[in-house]
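Each chain, letter by letter, is given below.
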Amino acid sequence: ARAATRAANARAEVAPTARIAAARGALPQQALAIEAARQKRHVFLDTSPGLESMLQRELEELRISNIRWRYKGGLAIEATEGVMWRVLLESRLVEAVRMGVSRSFHSAYESTLRNHAAGAEWAKFLQFGPEAIAVGMKVKAVESRLYHSDIIRRAVSSGIEEVREKFMKEKLQHVEDSEIYRNNINDPLGDSNDPATSSSLPSVNQVVHVDLNKDECHFSIFATSWPHKRPYLAMTQAEDLIDDEHLARRLPPLNETHAAACVLRSGLQKHLEDLALQGKRLVVWDPFCGTGVLLLEALGIFLGVPAASPAAQYPFMRWPSFEESHFAKVVKRLKLRPHPDLEYLTLLGSSNNEDLLSVARGHYAGFLRAMPRPRSGPLSMTWAAASQDADDPFADPSERPDPRQLPAEGLISRTRLPCKVEMELATSLSSIPESAREDPTIILTNVPYGNKASLEGVYEQFGRMVRNRHASGNLLGVYCISGREEFQRKSGLEWRTELRFTNNGIPVDLLRWTGKVNSPKVQVPRKKEHSATATEEAGTSDRDGVDDVAKAKAKAKAKAKAKAK
């Protein structure tokens, strides 16, 4: 009853918005969508445990407030759909975004959970039809009386089905049966031409999240896929990937969110500003570049491009309350903010594995394909060179090839970014690329922490390489992402932990070299002292032991004689 009262109060608050939109000429379905979009709800921003503070600072930079509480692995804010879209597109530390369906409530029994599920506003987020719908469900129960995931799924599914039946009964009062079964869309007014509810959109799975923490329950629905992928991974073509399953298992387990957090924490932007004032270049070198995720996240941050692509398909686009025109306005307000000293930056990656290097180049090509194409500004000339024909630079622009359709190698060679991006093959850590020898360099890398047999001697070689580079005087700093404690010991360097987070349940540290070298500790065996006093004490203790044994034997014989008598 309290949930129904809160929902009625919320509808009463936003109802004037729908009436104003209808008075301005909006269609009824569009007026209802505007009403739902401007209604504030709880929005859950999921990230990796340990990155909550950095996510909060990022939201402050985006001028997004109304943070309600912090939970392990994310933040909860109160915002509208427009703010949720901004976070989804611009945040680099968010792994998934969920929209709250109802307020939190206390639920210790299955019947209570089912009743609250039946009172939630599922019709604004799920597309109901004449048949029961199959909804994906993710359950998380911590210290709650209801802990069995199957029981929780059964209760919530029953509540959603009850809402669907009630929704279809109301819909039958306004729409003919034949139209319902022909369109099979969630359109209470029968407007099948609305693009927000059109069945022509690609099928995107809807996933409901049920969070039970000490019998306090939250219902939410995923607005993005989980985890939230970067567009350059989605734009990677099939020929840029590898088919070797053994090699695929060896890929560094660093996702885009962790890479972005490490780039922001390392302070590369401040180093670039200081060197640009002196007219010097900054080289960011990743000697274990792997698939290139760390360098591409740094490139995206310096270019100021959005973390997500507005052209991608997201689950929230299938919500009945989604308004495409409102989303287009939010996208139009997005701005590219490249670093003013971008021309002084060089991103350098090296690896001793040609297959991994080809994957990194494929991801780089995907980054270029997914990058926005502004008409003005410092990034407007990025695609000019890529679209020109090398054989006939004065050819008709309409006949020039689309740069996004070029293969990976051709796209990389013909695209001109304000900064330099290089990926080279290095046989060993001792073979330092030429760019890292001349200009001031910062090493930012994800140190391998997989199979122990394959890492034999790698940490020692890395430590020697850092000491040699430091002796040359051009090394500004070293930042390493490591998941093994023995790296700090075997490298022979002194490290300080700058950031700690969890990667698939594995605690991972971002380490910064302090500039000092750890001298190996040699354990000297302690010499035994044979003094006269010690010898006398040992002799006395031995004699006391002998006397005790003799007394015990005499006492046992006396007892035996007494028993025989």
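In short, a report on the structure. (Residues numbered from 1 in each chain as written. Predicted model: local features only at pLDDT ≥ 70, side-chain atom pairs only at ≥ 80, totals over all residues. Heavy atoms only, no water.)

## Notes on the sheet that holds strand β13 (residues 475-482)
And then number 1: As summarised here, the arrangement of the seven strands in space is β11-β10-β9-β12-β13-β15-β14, forming an open sheet in which the pairing is mixed. Both edges of this open sheet fall to β11 (420-425) and β14 (493-503), since each of them pairs with a single strand only. Sheet twist, expressed as the average angle between the axes of neighbouring strands with direction ignored, equals 20 degrees.
And then number 2: Bridge analysis of strand β9 (residues 282-286) against strand β12 (residues 441-446) gives three bridges, and the strand direction is parallel. Looking across to β12, one finds that Val284 is bridged to Ile442.
And then number 3: Along the sheet, helix α18 (residues 458-472) makes contact with β9, β12, β13, β14 and β15 (506-517), crossing β13 at roughly 165 degrees. (Pairing = 2+ DSSP bridges. Helix = DSSP H or I, 4+ residues; strand = E, 2+ residues; numbered from the N terminus. Axes fitted to C-alpha atoms, helices over the stretch in contact; angles between N-to-C directions. Contact = heavy atoms within 4.5 Å.)

## Some details on unusual backbone geometry
Glycine aside, residues mostly have negative phi, and peptide bonds are mostly found in the trans state.
And then number 1: Phi is positive for Arg63, close to 60 degrees, though the residue is something other than glycine.
And then number 2: Checked against the element boundaries, Arg63 lands in the loop between α3 (52-61) and β2 (67-71).
And then number 3: For Arg63, a relative accessible area of 77% corresponds to the exposed category.
And then number 4: For Glu143, which is not glycine, the phi dihedral falls at a positive 50 degrees.
And then number 5: Within the secondary structure layout, Glu143 lies in the loop between β6 (136-142) and α6 (149-172). (Buried < 20%, exposed > 50% of the residue type's maximum accessible area, 1.4 Å probe, protein only.)

## Here we look at the pattern of salt bridges
Should the charged atoms of two oppositely charged side chains come close, the side chains can pair.
And then number 1: Evaluated as defined, the whole model comprises 18 salt bridges.
And then number 2: A salt bridge links Glu90 to Arg86; the shortest N-O distance between them is 3.3 Å. Here Glu90 and its partner Arg86 are both found in helix α4 (residues 81-90), four residues apart, which amounts to about one turn of the helix.
And then number 3: Overall, the relative accessible area of 17% leaves Glu90 in the buried class.
And then number 4: Among the salt bridges present, the one from Asp509 reaches Arg500, with a minimum N-O distance of 2.7 Å.
And then number 5: Here Arg500 falls in the exposed class, since its relative accessible area comes to 51%. (Salt bridge = Lys/Arg side-chain N within 4 Å of Asp/Glu carboxyl O.)

## As for the packing of helix α10 (residues 256-265) against helix α12 (residues 293-303)
And then number 1: Taken N-terminus to C-terminus, the directions of α10 and α12 make an angle of 60 degrees; their axes are 9 Å apart at the nearest point. The angle between α10 and α12 falls in the class oblique. Taken as a pair, α10 and α12 cross one another with a handedness that is right-handed. Between α10, through Glu256, Ala259, Ala260, Val263 and Leu264, and α12, the contact on the second element is made entirely by Val293, Leu294, Glu297, Ala298 and Ile301. (Parallel < 35°, antiparallel > 145°, perpendicular 65-115°, else oblique. Left-handed = near helix turned anticlockwise from the far one by under 90°.)

## Details of the packing of aromatic side chains
And then number 1: Tallying each qualifying case throughout the model produces 19 aromatic pairs.
And then number 2: Taken together, a centroid distance of 6.0 Å and an interplanar angle of 50 degrees make the contact between Tyr232 and Phe367 tilted. Taken together, the residues Tyr232 in helix α8 (residues 231-234) and Phe367 in helix α14 (residues 354-370) connect sequence positions 135 residues apart. The burial state of Tyr232 is the same as that of Phe367; both residues are buried.
And then number 3: Judged by centre distance (6.0 Å) and plane angle (40 degrees), the rings of Phe288 and Phe462 are tilted. Of this pair, Phe288 sits in the loop between β9 and α12 while Phe462 sits in helix α18, and the two are 174 residues apart along the sequence. The same class applies to Phe288 and to Phe462, which are both buried.
And then number 4: Site record: aromatic cluster; members linked through ring pairs are Trp85, Phe125, Tyr314, Phe316, Trp319, Phe322 and Phe327. (Phe/Tyr/Trp six-rings, centres within 6.5 Å; stacked < 30°, edge-to-face > 60°.)

## Digging into α3
And then number 1: Here α3 has its buried residues at Glu52, Met54, Leu55, Glu58 and Leu59. Angularly, the buried residues of α3 cover 160 degrees about the axis, an arc narrow enough to put them on a single face. Set apart from the buried face of α3 by more than 90 degrees, the exposed residues are Glu60 and Glu61.
And then number 2: Tucked inside the fold, the buried residues of α3 contact β1 (41-46), β2, β3 (74-79), α4, α10 and β14.
And then number 3: Just downstream of α3, Arg63 is the residue with a positive phi angle, here 60 degrees. (Arc of directions from axis to C-beta.)

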